[in-house]
Each structure stands twice: as C-alpha cells, then as structure tokens.
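What follows is the residue order along each chain.
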Amino acid sequence: MTDHTNADTLRTPIVAVLGHVDHGKTSLLDKIRGSAVSEGEAGAITQHIGATDIPLDTISGMAGELIDPTDFDLPGLLFIDTPGHHSFSTLRARGGALADIAVLVVDVNDGFQPQTEEAIDILRRTGTPFVVAANKVDTTPGWNPQAGQPIQRSLEAQSERAESMLNENLYEIIGQLSDAGFSADLYWRVQDFQKNIGVVPLSAITGEGVPDLLTVLMGLSQRFMKEEMAIDVFGAGEGTVLEVKDERGFGATIDTVVYDGVVRNGDRIVVGGQEDPIDTEIRALLQPRPLEEIRTEKQFEKVAEVGAAAGVKIAAPDLDRAMAGAPVRVVRDRPVEEVVEEVKAELAEIEVETAEN
Ligand code: GDP
C-alpha cells in the first residue's frame, strides 16, 4: 500500500497543459481523465472547478511497470483546465507561475507553431519546469497502435520504417527546442531533468505514451519540487482567480485555484479587483456535483472548506469587480490592511509584466 502519511503536509503539484491550437491539449486532458476513471478505483479522480485531481494510486495504476509508488510521497497531480495563453501568462502565484510544472503539447507532424513559441516564451519567463508531449504519434504512416501502452512497448511493435519516420519528426522537435535555447532529448535518455527537457512521444487518442508522461511529471515533481509542496494545511488560504463567472442564484463568482493553506466558508477574503482590492466575505464554496447526480440536482455542491491544491468556485458579495489572474487571500489572523497591501503589490507586479509583453 502507498504511504499517505505525508499527504496532509505535501500538497499536489499544479500542472498546466499548453500548446498550439489543435495540437491536442483538450484531447490529452480528456484521455488522462478517461484512462484514470477506467482504472476503476473508487476515487480514481476528483473533478474540481477548473481542475482535475489525479491521486498517486491512480497514476501508479495507469503507469503500471513504469512507477513504483513507494518512491513517491506527493499525493498526486492537479491538472488545471487549459486557459488560453494570455490567461496562462497572467496566472501567477506570489510572483511565480501558478502552475508548478507544465506540459507543452506539440503535434509531432507540425512541430513548433506560433503558439508553441509563445508558450515557450512564457515558460522561460516564469521559470516553469516543463516536459514536451510529442503528440499524435499514431498518425505516423503505417503505425500499429498499442492502446494505453508505455511508449517503448509501443515502439517495439512498430515497423522499422514507421519508427524511423517518427524519429525524424521527434528529432525535428528536439532541434526546434534547441533553437529556442533548451537542450532536450527523448525523456528516457535524459539524465538530469534540471538541465535537459524530456520529450515524451505519445498519442492523446490511443493513450500510448500517456503512462510515461504521468511518470515523468510525478518524478520531476518529487525530485525538484518537494520542498515547495510543503504547506501548512491550516494556514490562511491563498489562491489565484482563473475566471469570473455569473452563476444563477449566486451572482458573480470566482473560479479559483487554491495553492496554499485552507479556505473556509465564511472566511473574510481580499481579492484583486479591476480598481481597488475587494474586501469581502465568502457566502459559499462550490464544487461540481458528482456526475451521477448532475441530472437531478443542482450543478454545484456546497462544501465547508477546501485545502490546497484545489479548484473551487467562491461566491461572495462584490466579486463582479474581480479580475482573472488576480490573487485571492484569506485574511484570518492578520490586519486586513496588511492583506490589502499584499494583494495590491502582487497586482502591480502582474501589470508591469503585462505591460512589458
Ligand atoms: P487543442 O486545440 O490543443 O485542445 O486540440 P484538440 O484536443 O481539440 O485536438 C485537435 C484535433 O486533433 C482533434 O480533432 C483531435 O481529435 C485530434 N487529435 C488530438 N490528439 C490526437 C492524437 O494523438 N492522435 C490523433 N490521430 N488525433 C489527435
């Protein structure tokens, strides 16, 4: 059994998926969710507002021979639904990127495209560690699909001709990464993931290579991010607004990713606004209802609290002036003025960045 004794102090790393339009971001997220659910375990995934939480047990079930779950004590991975590039660049957390780690999806036939370059610039600027998903390997002429298999198993089943056509495309992408200033290689050849970018060939349709991607993400997080993942689970919650949305019965709400501490219903919070920070009180914390209940019940379910890392919808007065990308801070034991100043300082930083680009 997996040892989860540390799961209450180490939070889930936040993963963002980026890439050029049509290169397969949505399909990849769907595949990861779908394969996780078909693992068949209870609690295989938890759907959040704007995110999906995949626990280590599920990842380890999917990755099979590639992962030894006892090597890990991080609780899993939280994939945030891909917002557009513009919003990704403003999704900050305390001056860094909101995502702890990113997947850059590149169509293996198309290689780098304008939005790939943009994504690379953002990743470089925010210093976000990333891996490259070289997607659509199944479109290689003569490909013999091996659904859900680790990529090296799949390669064993390919003709020499198919493998060499794929390799040609993969080396093209590795060359483009190098032109962009990143030394990269196929992930199984990478010795030092802090110096080299790992490229994972995969298919978001057949799922081959997806176990490898999850393994690499877990490995990278565990090795290089463990310290940043250590949080005070009872601390005042901190988060970032993904989106401001009107919801019937609740008015303006903010879909928020909580990356530190805990947010409780009734908490006083300060949220970055279009003008001044908004000082308000949480009226409801909302999560999606489990799928089987959606048809008969309301869309959301009220929860008493959420701890990092999680996606949650917050309903509170005055949120119509909130801004996507802005910080959310629970006030708790501090003077509210101090929290307001902190939110202002963070907003100023985001504005400088946006103006520079
Ligand atoms: P996004 O714009 O990056 O979210 O891309 P989508 O996930 O919407 O994918 C764009 C198109 O490519 C869709 O028609 C997908 O079915 C297709 N697609 C995505 N991944 C793969 C793949 O691995 N193999 C194949 N054959 N098609 C794919």
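Each remark here, short or long, concerns the structure printed above.
Every value quoted in this text rests on a predicted model; they were computed, and no experiment measured them.

Peer 1: Before we move on, can you summarise the pairing of strand S4 (residues 76–80) with the specific residues and values?
Peer 2: The buried fraction of S4 is high, at five of five residues. The alternating pattern of S4 places Gly-76, Leu-78 and Ile-80 on one face and Leu-77 and Phe-79 on the opposite face, and all of these are buried. With three bridges connecting them, strand S1 (residues 14–19) and S4 associate as parallel partners. Residue pairing in the sheet places Ile-14 in a bridge with Leu-78 of S4. Note that strand S3 (residues 51–55) and S4 share five bridges and pair antiparallel. Directly across from Ala-51, in S4, lies its bridge partner Ile-80.

Peer 1: So what's going on with the pattern of salt bridges? Which residues, and what values?
Peer 2: Within this structure, the stated rule accounts for 24 salt bridges. Across the salt bridge formed by Lys-313 and Glu-247, the nearest N and O atoms sit 2.8 Å from each other. Taken together, the residues Lys-313 in strand S19 (residues 310–315) and Glu-247 in strand S11 (residues 238–247) connect sequence positions 66 residues apart. The residue Glu-346 makes a salt bridge to Arg-329 at a minimum N-O spacing of 2.2 Å. Of this pair, Glu-346 sits in helix H9 (residues 336–356) while Arg-329 sits in strand S20 (residues 327–330), and the two are 17 residues apart along the sequence. A relative accessible area of 2% places Arg-329 in the buried class. Via salt bridges that share partners, Arg-94, Glu-238, Asp-260, Arg-329, Arg-334, Glu-338, Glu-342 and Glu-346 belong to a single interconnected network.

Peer 1: A description of the side chain of Ser-60 should follow, citing residues and the corresponding values.
Peer 2: For Ser-60, the position within the fold is in helix H2 (residues 56–63). Judged by relative accessible area, which is 14%, Ser-60 ranks as buried. Ignoring sequence-local partners within four residues, the contact set of Ser-60 consists of Ile-67 and Pro-69.

Peer 1: I'd love a proper account of helix H1 (residues 25–38), names of residues and values included.
Peer 2: Here H1 spans 20 Å end to end across 14 residues, near enough to the 20 Å set by a 1.5 Å rise per residue. Here H1 has its buried residues at Lys-25, Leu-28, Leu-29, Ile-32, Arg-33, Ser-35 and Ala-36.

Peer 1: If you had to explain unusual backbone geometry to someone new, which residues and values would you point to?
Peer 2: Here the amide bond leading from Ala-308 into Ala-309 is cis, since omega sits at -10°, within 30 degrees of zero. Of note, Ala-309 is situated in the loop between strand S18 (305–307) and S19. Of note, Lys-136 is a non-glycine position whose phi angle comes to about 70°, a positive value. Counting through the fold element by element, Lys-136 comes out in the loop between strand S8 (130–135) and helix H5 (151–156). For Lys-136, a relative accessible area of 24% translates into the label partly exposed.

Peer 1: Pulling in residues and values, what's your account of the sheet that holds strand S7 (residues 101–107)?
Peer 2: Spatial ordering of the open sheet is given by S2-S3-S4-S1-S7-S8-S10-S9, a layout of eight strands whose pairing is mixed. For this open sheet the edge positions go to strand S2 (46–48) and strand S9 (184–186), each flanked by a neighbour on one side alone. When strand polarity is set aside, the average angle formed by the axes of neighbouring strands in this sheet is 25°. Bridging between S2 and S3 involves three bridges; their strand directions are antiparallel. Bridge pairing links His-48 to Ala-51 in S3. In this fold H2 packs onto S3 and S4, with an angle of close to 75° to the strand it touches most, S3. Lying on the sheet, helix H6 (residues 160–179) is in contact with S7, S8, S9 and strand S10 (197–201); it crosses S9 at an angle near 160°.

Peer 1: How would you explain the site of the ligand if you had to name every residue and give the values?
Peer 2: As a structural note, the neighbourhood of the ligand is formed by 15 residues, with Asp-22, Lys-25, Thr-26, Ser-27 and Asp-138 the closest of them. Measuring from an oxygen atom of the ligand, one finds a backbone N or O atom of Gly-24 at 2.9 Å. Here an oxygen atom of the ligand and a side-chain polar atom of Thr-26 are 2.4 Å apart. About the coverage of the ligand: the protein hides 71% of its 580 Å² of free accessible area. When its residues are assigned to classes, the shell around the ligand shows three nonpolar, eight polar and four charged.

Peer 1: Give a description of the pairing of S20 that names residues and reports values.
Peer 2: Residues Pro-327 and Arg-329 of S20 are buried on one face, and the alternating residues Val-328 and Val-330, pointing to the opposite face, are buried as well. Here strand S14 (residues 268–271) runs beside S20; their pairing, made up of three bridges, is antiparallel. Paired with Val-271 across the strands is Val-328, a residue of S20.

Scoring rules and cut-offs
Residues numbered from 1 in each chain as written. Predicted model: local features only at pLDDT ≥ 70, side-chain atom pairs only at ≥ 80, totals over all residues. Heavy atoms only, no water. Buried < 20%, exposed > 50% of the residue type's maximum accessible area, 1.4 Å probe, protein only. Helix = DSSP H or I, 4+ residues; strand = E, 2+ residues; numbered from the N terminus. Pairing = 2+ DSSP bridges. Salt bridge = Lys/Arg side-chain N within 4 Å of Asp/Glu carboxyl O. Contact = heavy atoms within 4.5 Å. Expected span 1.5 Å × (residues − 1). Axes fitted to C-alpha atoms, helices over the stretch in contact; angles between N-to-C directions. Near = heavy atom within 4 Å. Polar contact = N/O pair within 3.5 Å; in protein donor to acceptor, adjacent residues only side chain to side chain. Areas by Shrake-Rupley, 256 points an atom, 1.4 Å probe, with all protein chains shown as cover. Nonpolar A, V, L, I, M, F, W, Y, C, P; charged D, E, K, R; others polar.

These values are about where atoms sit, not about what they do.
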